[in-house]
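Residues per chain, in single letters:
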Amino acid sequence: MAAREDDLVVERDVRVEAPPETVFRFFVDPDQMIRWMGVDATLDPQPGGIYRVNVTGSDVALGEYVEVVPNERVVFTWGWEDESNP
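Residues numbered from 1 in each chain as written. Predicted model: local features only at pLDDT ≥ 70, side-chain atom pairs only at ≥ 80, totals over all residues. Heavy atoms only, no water.

Caption draft 1: Inspection of helix α1 (residues 20-28) at higher detail. Among the residues of α1, those classed as buried are Phe 24, Phe 26 and Val 28. Its buried side turned inward, α1 meets α2 (30-36), β1 (40-43), β3 (60-69) and β4 (73-76). (Buried < 20%, exposed > 50% of the residue type's maximum accessible area, 1.4 Å probe, protein only. Helix = DSSP H or I, 4+ residues; strand = E, 2+ residues; numbered from the N terminus. Contact = heavy atoms within 4.5 Å.)

Here it is, written out as structure tokens:
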């Protein structure tokens, strides 16, 4: 049986050699996100808030924050924005 697109889930844990408060800012502060990757970012770091990062000028990552625990944990959905439906 072939998997449907909505059945596909990827979970990723990433460990970074830096203080949690430093890493956390890169996921919730648009200026830090752009410094890391992207040319524009709209971030609303609260459950249900938007995660939108224009990575290359034409490729836009779009998702929603699921869980935000300051300096401890950030969970968000992520996929590519459909250019025909921005």
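Caption draft 2: Highlighting the confidence of the model for the protein chain. Overall, the prediction assigns the protein chain a mean pLDDT of 89, with 87% of residues at 70 or greater. No element of the protein chain has a lower mean pLDDT than strand β5 (residues 79-80), which averages 92, and none a higher one than β1, which averages 98. (pLDDT = per-residue confidence, 0-100.)

Caption draft 3: Region of the structure containing the layout of surface pockets. A volume near 1300 Å³ is recorded for the largest pocket. Lining the largest pocket are 28 residues, with Arg 12, Asp 13, Val 14, Val 74 and Phe 76 sitting closest to its centre. Broken down by secondary-structure element, the contributors of at least two residues to the lining of the largest pocket are α1 and β4. Considering each element in turn, the lining of the largest pocket owes the most residues, 6 residues, to α1. Considered class by class, the residues forming the lining of the largest pocket number 19 nonpolar, 3 polar and 6 charged. (1 Å grid on protein atoms, 1.4 Å probe; cavity = no way out; pocket = protein on both sides within 12 Å on 5 of 7 lines; lining within 4 Å. Points joined across faces, edges and corners; volume = space filled by probe spheres on them. Nonpolar A, V, L, I, M, F, W, Y, C, P; charged D, E, K, R; others polar.)

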